[in-house]
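# Working through the structure, step by step
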Amino acid sequence: MSAGKGVAVAAFLSILHSGFAAREYLRYSKSIGRQDPALPIEIVLECLISLVVMTVAVVVSVGNLKPISYEAEMKRYSIDGIYSRPSFQVFNHRGRFLRPIADHPAMAEQAAKDKAAS
């Protein structure tokens with residue numbers, strides 16, 4: 001584990017500790033009958049310092065970022081791979097209803113041969 005990740009884990013544990021300490025303080029305050037809603041400054045500082053340390057550790061321990069530009073993404077593909085989308089190819093379409101089979105030149109020849117044969 002890298003040093004940054006280790007520091008982040010330690011800071012996370014410190015945040016958990018400050019949360020536990022806040023809970024224990026509020027429980028103790030309630031048990032002695034004191035209705036003070038404010039937490040001691042030590043608990044608040046522990047939580048805030050741990051949060052800052054964890055944020056810095058996570059930012060430092062992150063690896064290299066990938067470029068998000070369109071050119072960098074398109075370098076991975078060829079033009080054949082980009083425009084080859086079999087799911088968009090439709091072979092059963094309404095073209096046969098717009099232009100009847102007899103009007104098609106190849107079908108007209110076949111229809112004429114069939115008519116002459118009968």
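Computed from a predicted model, the values in this text were never measured in an experiment.

## Things to note about the overall build of the protein chain
For the protein chain, the helix and strand inventory stands at 6 helices and 0 strands. Listed N to C, the secondary structure of the protein chain is α-α-α-α-α-α in terms of helices and strands. The proportion of buried residues among the 118 residues of the protein chain is 8%. As displayed, the protein chain has an accessible area near 10300 Å², and 65% of this comes from carbon and sulfur atoms.

## A look at the side chain of Ser50
Positionally, Ser50 belongs in helix α2 (residues 41-61). Exposure remark for Ser50: the relative accessible area of 6% places this residue in the buried category. When sequence neighbours within four positions are dropped, the list of residues in contact with Ser50 reads Ala11, Ser14 and Ile15.

## Here's the deal with helix α1 (residues 3-31)
Across its 29 residues, α1 extends 42 Å between first and last C-alpha, which sits within 8% of the 42 Å expected from 1.5 Å per residue. Restricting attention to buried positions, one finds in α1 the residues Gly4, Ala8, Ala11, Ser18, Ala22, Tyr25 and Ser29. In the segment just after α1, Gly33 is the residue with positive phi, at about 85°.

## Side note on a nonpolar patch on the surface
A surface patch of nonpolar side chains, amounting to about 800 Å² of accessible area, comprises Val7, Leu26, Leu39, Ile41, Val44, Leu45, Leu48, Ile49, Leu51 and Val53. Elements represented by at least two residues in the nonpolar patch include exactly α1 and α2. The leading source of residues in the nonpolar patch is α2, at 7 residues. Tracing the chain through its elements places Val53 in helix α2. A relative accessible area of 35% means that Val53 is categorised as partly exposed.

## Digging into the packing of α1 against α2
Across the interface, α1 lies against α2 with an axial gap of 8 Å and an inter-helix angle of 160°. With respect to their mutual orientation, α1 and α2 come out roughly antiparallel. Here the hand of the crossing between α1 and α2 comes out left-handed. Class assignment of the residues belonging to the contact of α1 with α2 gives a composition of 15 nonpolar, 6 polar and 2 charged.

## Focus: the UniProt feature "transmembrane region" (unreviewed entry) in the protein chain
Taken from the UniProt record, the annotation "transmembrane region" (unreviewed entry) applies to residues 37-65. As annotated, residues 37-65 has a helix share of 72% and a strand share of 0%, and its two end C-alpha atoms lie 44 Å apart.

## Thoughts on the pattern of salt bridges
By the definition in use, this model includes 1 salt bridge. A salt bridge links Arg27 to Glu24; its shortest N-O distance comes to 3.6 Å. Here Arg27 pairs with Glu24, and both are found in helix α1, just 3 residues apart, close to one helical turn. Taking the relative accessible area as the measure of exposure, Arg27 reaches 46% and is therefore partly exposed.

## Details of α2
Across its 21 residues, α2 extends 30 Å between first and last C-alpha, which sits within 8% of the 30 Å expected from 1.5 Å per residue. Those residues of α2 not exposed but buried are Ile43, Ser50 and Ala57. An end-on view of α2 places all buried positions within 65° of arc, on one side of the element. The exposed residues of α2 that point more than 90 degrees off its buried face are Ile41, Ile49, Val52, Val59 and Val60.

Rules and cut-offs
- For every chain, the first residue of the written sequence is number 1, and numbering continues from 1 onward in sequence order.
- With the structure being a predicted model, the display of local features is reserved for residues of pLDDT at least 70 and the display and counting of side-chain atom pairs for 80 or more, all residues being used for whole-chain, interface and lining totals.
- Hydrogen atoms and water are omitted, and side-chain values are computed over all heavy atoms in the structure.
- Where helices and strands are cited, they refer to DSSP runs of H or I of at least four residues and of E of at least two residues respectively, numbered from the N terminus.
- Three exposure classes are used, based on accessible area relative to the maximum for each residue type with a 1.4 Å probe and protein chains only: buried under 20%, partly exposed in between, and exposed over 50%.
- Working definition of accessibility: Shrake-Rupley area with a 1.4 Å probe, residue cover restricted to the visible protein chains.
- Note on definitions: a residue-residue contact is assigned when non-hydrogen atoms from the two residues lie within 4.5 Å.
- Here the expected span of a helix is defined as 1.5 Å times the quantity of residues minus one.
- Put simply, a patch holds well-exposed residues, over 30% relative accessible area, that have no salt bridge, with like charges counted together within 9 Å and Val, Leu, Ile, Met, Phe, Trp or Tyr side chains within 5 Å.
- Salt bridge, as applied in this entry: a Lys or Arg side-chain nitrogen positioned within 4 Å of an Asp or Glu carboxyl oxygen.
- Convention adopted: a line fitted to C-alpha atoms gives each axis, helices being fitted over their contacting stretch, and angles between N-to-C directions are expressed from 0 to 180 degrees.
- The scheme is simple: roughly parallel for angles under 35 degrees, roughly antiparallel for over 145, roughly perpendicular for 65 to 115, oblique for anything else.
- Left-handed describes a crossing whose near helix is turned anticlockwise from the far helix by less than a right angle; the clockwise case is right-handed.
- Polar here means any residue outside two lists: the nonpolar Ala, Val, Leu, Ile, Met, Phe, Trp, Tyr, Cys and Pro, and the charged Asp, Glu, Lys and Arg; Gly therefore counts as polar.
- UniProt positions are given in the numbering used here, feature names are shortened, and annotations may be inferred rather than shown by experiment.
- Throughout, the arc means the angular range of directions from the helix axis out to the C-beta atoms.

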